[in-house]
Amino acid sequence: MNLSPIEITNLVKKYGDVTAVADVSFQMNPGEILGLLGPNGAGKTSIISTIVTLEKPTSGQVCVFGHDVSKEPRLTKSLTGFVPQELMHHGYFDVEEILEFHSGYFGRLKNKEHIDYLLKRLGLWEHKNKKVKQLSGGMKRRLLIAKALVHEPALLLLDEPTAGVDIELRESLWDFVLELKAKGLSILLTTHYLEEAEQLCDRVGILQKGELKVLGPTQTLIKDLTQREIVMSFKEAAPEIVSHFLKEKKADSLVFSVPAKMSIGELLSSLKIDLVNLKDVQIHEGSLEDAIKKVLHA
Amino acid sequence: MLSRRFSMPEVQARTGDLKFNPFWALYIREMKRFLKVIFQTVFTPLINASLYLLIFGLSLGKSIHLANGLSYLAFLIPGLVMMSVLNNAFQNSSSSIVSGKFAGDLEDLKVVPLSSNQIIWALSIAGLCRGLFVGLITFLVGEIFYFIVENNLLTIANPLVLLFFLIAGGLIFAQLGITVAFWAKSFDQVSAVGSFILVPLIYLGGVFFSLNGLHPFWQNISKFNPVLYLINGVRYGLLGRCDVDINLAFVVCLATLILFFILAMRALKYGNFTRW
């Protein structure tokens, strides 16, 4: 039996009168990176919080590897690593002590080899004797990731892991996430950086006001939900064309907006343009951002 | 790639022993936490206890004569020892949780496979250890004062009884600290419980005065204060004499321990781990 790392069924989470998550259901595929996207307040963090039992569902069921998180929380937590959105301090303890304690909470009191690996892999080795308040924002973020991986989980939950992180570190974290995926980890990611989602996620789900509007493979969603913009430049004046794909006419160029699935050949043959007069063709593919805008503004 | 249902033994084989290790990790963390700020957690209470002994034991004590023939200094020492244990046990567990809420790392305890039982016992035994540590130092300082005044040392009359009441009292107050801190929504609420409830209960529990010296009305009121039995239990263990029936003190102490354990469990279930 091939069990889903996360299976959410009719999840509802309310805070008083406010519905943060409204009847959301989805399944994660083993070994994939699934991105949850959406504006602030869409319900991304609430969903992750119910998976790690920080919040109780108002109704619905959340399962991790087939186990209900409400009924077998210790088992599901043992399989899960969680990187929260907000940074934390840890008071009097240094980086190495924090990882040792966190490892112990998962039952691994002697875990020096793996802790040393994480410290080195995440660039924290030189800072292992520093207190958290002495670390930069990026280092604090890496410490959170090290904590989440200290017990070698099978499922990793990343709640905006690169928020407030510089470009160089962000890209190195992306590489690390892909490395974890290659090792077989299933990863659920929320992010506001759409480039991050486009590069990392096998599938994305778009949330709005607590509802899961759409979920599917990233590239398929982009193709299904976006338009390609095709700009044709001409040697002489742009020809008179009647087409519902025509978006804009300039003196020597025409701008078309066509479905992402439509090829340039199909457009040209439908327009019957004199190719001798055609000087250049530029194609601008739709992006994940365009896809999200279309879903959110539908 | 992992994509199947796991049994608990399989999970423990992947991670580690979840029966004892998570508890031990949290207990060690709590011990290290108060030892890292030992001047604040141990030596400050020690100064306070020394001042009490100096002012009440040496100066005012000379003019206080107890009905049972005990010197006031001997009467005071067990009270101060227990006061140190209770205060420090409460402060250790409550400040750990409250500072965790402030720093945000209390949420860690919610997302790791620590059971409520493990959290309560790790926090309360660490609180007890700090309480006993400060209590022992208070006792040693008391012995020095006693030796100066009486040219003799206090001997422990009932060591097992003493140990029982010290341990039970420390655990009760550490679990009270857990309960209050998990329910609290601000620093103010924790300090209000300390100032308006605990300090009066401890001070009116017979640290500084004998129950027999009170008006019968206040004697009856005092009998509803569980701290009275804790302090008198320690006094019986140390001196072999106290103001209450020691059997009743045992019963009250055990009942209070069970009550506060239940309250701490409920606080973990219904209180909040979220950051302030």
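Given the structure is predicted, the values throughout are model-derived calculations rather than measurements. (Residues numbered from 1 in each chain as written. Chains lettered and ligands numbered in written order. Predicted model: local features only at pLDDT ≥ 70, side-chain atom pairs only at ≥ 80, totals over all residues.)

**Some remarks on the overall build of chain A**
Looking only at helices and strands, one finds 10 helices and 14 strands in chain A. Taking the principal axes of the C-alpha coordinates as reference, chain A spans close to 75 × 45 × 40 Å. Residues counted as buried form 42% of the 298 residues belonging to chain A. (Helix = DSSP H or I, 4+ residues; strand = E, 2+ residues; numbered from the N terminus. Buried ≥ 20, exposed ≤ 12 C-beta atoms within 10 Å, placed from the backbone.)

**Side note on the overall build of chain B**
In terms of regular secondary structure, chain B is built from 11 helices and 0 strands. The order of helices and strands in chain B, counted from the N terminus, is α-α-α-α-α-α-α-α-α-α-α. For 276 residues, the compact-globule estimate of 2.2 N^0.38 gives 19 Å, and chain B sits close to it at 21 Å. Principal-axis analysis of the C-alpha atoms gives chain B an extent of 80 × 35 × 35 Å. Here chain B, with 276 residues, has 49% of them falling under the buried criterion. Across chain B, contacts joining residues at least 24 apart in sequence account for 82% of those joining residues at least 6 apart. (Rg over C-alpha atoms; globule rule 2.2 N^0.38 Å. Contact = placed C-beta atoms within 7 Å.)

**Description of unusual backbone geometry**
One non-glycine residue, Lys 209 of chain A, adopts positive backbone phi at about 45°. By secondary structure assignment, the location of Lys 209 of chain A is in the loop between strand 9 (203-208) and strand 10 (211-217). For Lys 209 of chain A, a count of 15 C-beta atoms within 10 Å gives the class partly exposed. Phi angles above zero are rare outside glycine, and Asn 151 of chain B is one such case at about 60°. Under the C-beta neighbour-count criterion, Asn 151 of chain B is labelled exposed, with 7 such atoms within 10 Å.

**Topic: the interface of chain A and chain B**
In many reports, interface size means the accessible area that the parts give up when they come together. In this assembly, 35 residues from chain A lie in contact with 34 residues from chain B. Going through the elements one at a time, helix 2 (73-78) and helix 3 (95-105) of chain A are the ones with two or more residues in the side of chain A that touches chain B.

**Things to note about the sheet that holds strand 1 (residues 6-15) of chain A**
Residues and elements named next belong to chain A. An order of 2-1-4-5 is seen for the 4 strands of this open sheet, with the pairing classed as antiparallel. The open sheet has two edge strands, strand 2 (18-27) and strand 5 (67-68), and neither has a second partner. Sheet analysis places strand 1 next to strand 4 (residues 59-64), joined by 5 bridges and oriented antiparallel. Counterpart to Thr 9 in the pairing with strand 4 is Gln 61. Along the sheet, helix 1 (residues 44-51) contacts strand 1, strand 2 and strand 4; its crossing angle with strand 1, the most-contacted strand, is approximately 115°. (Pairing = 2+ DSSP bridges. Axes fitted to C-alpha atoms, helices over the stretch in contact; angles between N-to-C directions.)

**Considerations on the nonpolar core**
Ranked by size, the top nonpolar core spans 151 residues in total, and within it Ile 51, Ala 146, Leu 157 and Leu 188 of chain A together with Leu 80, Ile 178 and Val 234 of chain B carry the most contacts. Examining the composition of this core, we find that 16 residues originate from one element, helix 4 (residues 72-103) of chain B, more than from any other. Residues lining this core come from more than one domain, with at least three contributed by each of domain 1 (6-222) and domain 2 (226-296) of chain A. Excluding residues that lie within four positions of it along the chain, Val 234 of chain B makes contacts with Pro 78, Val 81, Met 82, Leu 162, Phe 165 and Leu 166 of chain B. Counting 5 residues, the second-largest nonpolar core is a separate cluster that includes Met 232, Leu 254, Phe 256 and Val 258 of chain A. (Core = buried A, V, L, I, M, F, W, Y, C linked by C-beta atoms within 7 Å. Domains from an automatic or database assignment.)

**Focus: the packing of helix 4 of chain B against helix 6 (residues 116-150) of chain B**
Residues and elements named next belong to chain B. Running from N to C, helix 4 and helix 6 point in directions that differ by 155°, and their axes come no closer than 7 Å. As far as their axial angle goes, helix 6 and helix 4 are roughly antiparallel. Seen from above, helix 4 lies across helix 6 with right-handed handedness. Taken together, the residues of the contact of helix 4 with helix 6 sort by class into 17 nonpolar, 11 polar and 1 charged. (Parallel < 35°, antiparallel > 145°, perpendicular 65-115°, else oblique. Left-handed = near helix turned anticlockwise from the far one by under 90°. Nonpolar A, V, L, I, M, F, W, Y, C, P; charged D, E, K, R; others polar.)

**Overview of the domain arrangement of chain A**
All names here are of chain A. Per the domain assignment, the segments of chain A are domain 1 (6-222) and domain 2 (226-296). One C-alpha centre belongs to domain 1, the other to domain 2; they are set 41 Å apart. In terms of residue class, the side of domain 1 that touches domain 2 is made up of 7 nonpolar, 2 polar and 2 charged.

**Some remarks on the sheet that holds strand 9 of chain A**
Residues and elements named next belong to chain A. Across the sheet, which stays open at both edges, the 6 strands sit in the order 6-7-8-3-9-10 with mixed pairing between neighbours. The open sheet has two free edges, formed respectively by strand 6 (80-83) and strand 10, since each of these has just one partner strand. On average, adjacent strands in this sheet sit at an angle of 15° to one another, irrespective of strand direction. Against the sheet, helix 10 (residues 288-296) makes contact with strand 3 (33-37), strand 9 and strand 10, and its axis sits at roughly 35° relative to strand 9, the strand it touches most.

**As for the confidence of the model for chain A**
Detailed conclusions should not be drawn from predicted coordinates in areas where pLDDT is low. Mean pLDDT over chain A stands at 91; residues scoring 70 or higher make up 99%. Across chain A, the secondary-structure element scoring lowest on mean pLDDT is helix 9 (residues 264-271) of chain A, at 85, and the one scoring highest is helix 3 of chain A, at 97. (pLDDT = per-residue confidence, 0-100.)

**Some details on the confidence of the model for chain B**
All names here are of chain B. In the predicted model, chain B carries a mean pLDDT of 90, and the fraction of residues at 70 or more is 96%. By mean pLDDT, the top-scoring element of chain B is helix 7 (residues 159-183) (97), and the lowest-scoring one is helix 1 (residues 8-14) (70). Interface confidence for the predicted complex, given as ipTM, is 0.89, next to a pTM of 0.89.

**What about the environment of Glu 96 of chain A?**
Residues and elements named next belong to chain A. Structurally, Glu 96 can be placed in helix 3. For Glu 96, a count of 18 C-beta atoms within 10 Å corresponds to the partly exposed category. Through-space distance from the C-alpha of Glu 96 to that of Ile 47 is 30 Å; in sequence the pair is 49 residues apart. Setting aside residues no more than four positions away along its own chain, Glu 96 makes contact with Ile 115, Lys 128 and Asn 129.

**With respect to the packing of helix 3 of chain A against helix 2 (residues 21-36) of chain B**
Each pair of packed helices can be described by the angle between their axes along with the distance between the axes. One can describe the packing of helix 3 of chain A onto helix 2 of chain B by two numbers: an axis separation of 7 Å at closest approach and a directional angle of 150°. It follows from the interaxial angle that helix 3 of chain A and helix 2 of chain B lie roughly antiparallel. Between helix 3 of chain A, through Phe 101, Gly 104 and Tyr 105 of chain A, and helix 2 of chain B, the contact on the second element is made entirely by Asn 21, Pro 22, Trp 24, Ala 25, Leu 26 and Arg 29 of chain B. For the contact of helix 3 of chain A with helix 2 of chain B, the residue count by class is 6 nonpolar, 2 polar and 1 charged.

**Re helix 4 of chain B**
Residues and elements named next belong to chain B. The first and last C-alpha atoms of helix 4 sit 45 Å apart over 32 residues, in line with the 46 Å expected at 1.5 Å per residue. Taking burial as the measure, the 32 residues of helix 4 include 29 buried ones, the bulk of the element. Gly 104, located one to two residues past helix 4, shows a positive phi value of around 95°. (Expected span 1.5 Å × (residues − 1).)

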